[in-house]
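Report on the structure
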Amino acid sequence: MRLPGLIDPHVHVRDLNQSHKEDWTTATAAALAGGVTTILAMPNTQPPLVDAASLTLYEKAAKAKAVCDYGIFLGAGLHNAAAIAVEARRGIGLKLYLDATFGDLKLPGLDALVAHFDAWPKDRPIVAHAEEQQTAAVILAAQLAGRGVHICHVARRAEIELIRRVRERGLNVTCEVCPHHLFLIESARPARQFETLARGARAWSGAYAEVRPRLQTQADVDALWANLDVIDCFATDHAPHTMVEKESQTPPPGFPGLETALPLWLTAAHAGLLSLDDIIARMHTGPRRIFNLPEQPETLVEVDLDANWAPVGARQQTRAAWSPFEGWALRGRVTGVTLRGCRVYDGENILVQPGYGHNVVG
Ligand code: DOR
Ligand code: ZN
Ligand code: ZN
C-alpha cells in the first residue's frame, strides 16, 4: 500500500545547545521512519528562534543535517513583532506560546498578542499554543486582525467544541490534534478506544506522562473523536527529552512521537475508528493546504498494513530512546520511503546523507 509523503506540522527538532536531546539529523531520520517527508520545526529552541541571527543558525544546521524536507517556524517574543515580521518569508509561519511550556517563549499580556497579529503578513500562517481561555483569546485576536489562525494540539472537549462553533460561523480557524491526546488519558493508561489493542503498555512513573497540554480525561478523548470532522491535521508535537531528564526532579514535558504516529492511526483504522482517507486528509492534504507547502514530486510512503509489531523506544531513530507507546500491539508499519525520486528509507535504515532535505520555503 502506498501513501503520499506525510507532513508533520509540529516537531521540536532542538539541535544547537540542545543537541543531546535531538538534532536535525536524528529528528528528520525519525520522521522518515514514521513516513513523514516534511516536518515543520518549532522555535522554542536554545537559543530561541526569535530573530534573523538565530534563524540563520538553524537554517544552516538544517541545511547541513536534514534527511527530509522541512520548514522552520519563527517565535513570537515580547518585543520582536515588527522585526520578526521582516523575516516572515524565510519561515513557514509564526508560533505564539500563550501558555507556559518547555522553554521561555511564553508571551505575556494582550499588547504583544495584538502587536504580532497586526504585524505578521496576512498571507503567512500564525499557529498558537493556546489552551482553554487562550483558545478564545487567540481566535478573537485573529478576527480583529482580519486573518486566520491555526490552533496547535487541541486536547480538551471545551476547546474542540469552541472551534466547531467558530467554524460553523465561517471563521478561518484550523486545528491539529496529537496521537497522545487521542490514545492516552490523564492516568497515562490507554484510552478506551484502544484498550483492546494495547498489550502491556509500559507502566510509567508520572514523570514520563508530563506533557503540555496535559493528558486529559476520557470525556475529552471521546469529544476529540466525536469532532474528527473539524480536525484538519494530525501533528505529533514530537518533543524529545532524554530518559535521564524525564526521571529527574524536574521532568520536562513532552513525548517523542514521529515513529509511532502513523502506525497508531493505521491501527485505529483497523479498529474501525477512522478510514485511510481520514488519515491522508490529516497527514497530507490538510497540512499542505494550511501551510502552503509545495508538491514533492516522485514521493511516496510504502506501508505494510498488516504488519503486527510493537514499538521499542531504544530502537527508534530519535535520540529520545523511549516511547509512551512502548510495547503496544500495533498493526501497520512503514516499510520504505521515496523522497523526490530517491529511496531514502528501507524500513530499517536511512539511505541518504545528512543534507538531502530541502527547506520548503526555498
Ligand atoms: O509537552 C510539550 N513539550 N509541550 C510543548 O508545548 C513544548 C514541548 C517541548 O518543546 O518539549
Ligand atoms: Zn505547544
Ligand atoms: Zn510543541
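You'll find the structure just up there.
Let me sum up the structure you'll find in this document. (Residues numbered from 1 in each chain as written. Chains lettered and ligands numbered in written order. Predicted model: local features only at pLDDT ≥ 70, side-chain atom pairs only at ≥ 80, totals over all residues. Heavy atoms only, no water.)

Structural notes on the coordination of the zinc ion (ligand 3)
- Listed as protein donors to the zinc ion (ligand 3) are H10 (NE2), H12 (NE2) and D237 (OD); their distances from the metal cover 2.0 to 2.1 Å.
- A separation of 3.5 Å is found between the zinc ion (ligand 3) and the zinc ion (ligand 2). Linking H10 in strand β2 (residues 6-11) with D237 in the loop between β9 (233-234) and α9 (243-246), this pair joins segments that are 227 residues apart in sequence.
- Residue classification places D237 among the buried residues on the basis of a relative accessible area of 5%. (Donors = N, O, S within 2.8 Å, 3.2 Å for Na, K, Ca; no water. Helix = DSSP H or I, 4+ residues; strand = E, 2+ residues; numbered from the N terminus. Buried < 20%, exposed > 50% of the residue type's maximum accessible area, 1.4 Å probe, protein only.)

Structural notes on the packing of helix α1 (residues 24-33) against helix α2 (residues 52-65)
- Packing of α1 against α2 brings their axes to within 9 Å, and their N-to-C directions diverge by 55°. Between α1 and α2, the angle falls in the class oblique. Relative to α2, the crossing made by α1 is right-handed. For the pair α1 and α2, the contacting residues are W24, T25 and T28 in the first and Y58, A61, A62 and K65 in the second.
- For the contact of α1 with α2, the class distribution of residues is four nonpolar, two polar and one charged. (Axes fitted to C-alpha atoms, helices over the stretch in contact; angles between N-to-C directions. Parallel < 35°, antiparallel > 145°, perpendicular 65-115°, else oblique. Left-handed = near helix turned anticlockwise from the far one by under 90°. Contact = heavy atoms within 4.5 Å. Nonpolar A, V, L, I, M, F, W, Y, C, P; charged D, E, K, R; others polar.)

What about the sheet that holds strand β12 (residues 342-345)?
- Within the open sheet, the four strands sit side by side as β1-β10-β11-β12. Their pairing is antiparallel. Strands at the two margins of the open sheet, each flanked by one partner only, are β1 (2-3) and β12.
- Examined bridge by bridge, strand β10 (residues 300-309) and strand β11 (residues 330-339) share seven bridges and lie antiparallel to one another. Among the inter-strand pairings, W309 is bridged to a residue of β11, identified as L330.
- Sheet contacts for helix α10 (residues 261-270): β1, β10 and β11; angle to β11, the most-contacted strand, approximately 130°. (Pairing = 2+ DSSP bridges.)

So, helix α4 (residues 110-119)
- Along α4, the residues that are buried comprise A112, L113, H116 and F117. With its buried residues spanning 130° around the axis, α4 presents them on a single face. Of the exposed residues in α4, those oriented more than 90 degrees away from the buried face are L110, D111 and D118.
- Buried residues belonging to α4 abut α3 (81-86), β5 (93-97), β6 (126-129), α5 (133-144) and β7 (149-151). (Arc of directions from axis to C-beta.)

Let's talk about the pattern of salt bridges
- Within the structure shown, the criterion is met by 19 salt bridges.
- A salt bridge links K65 to D15, with the nearest nitrogen and oxygen atoms 3.0 Å apart. A residue pair is termed long-range when its members are at least 10 positions apart, and K65 in helix α2 and D15 in the loop between β2 and α1 qualify at 50 residues.
- For K65, a relative accessible area of 25% corresponds to the partly exposed category.
- Ionic pairing is found between D232 and R289, a salt bridge with its closest N-O pair at 3.3 Å. Of this pair, D232 sits in the loop between α8 (218-226) and β9 while R289 sits in helix α11 (residues 276-290), and the two are 57 residues apart along the sequence.
- Its relative accessible area of 10% is what places D232 among the buried residues.
- Classification of R289 as exposed rests on a relative accessible area of 51%.
- Three or more residues are tied together by salt bridges with common partners; here these are E131, E132, R156 and E159. (Salt bridge = Lys/Arg side-chain N within 4 Å of Asp/Glu carboxyl O.)

Side note on the environment of G286
- Looking at where G286 falls in the secondary structure, it is placed in helix α11.
- Through-space distance from the C-alpha of G286 to that of A31 is 18 Å; in sequence the pair is 255 residues apart.
- What G286 contacts, discounting residues up to four positions off in sequence, is D232, C233 and A281.

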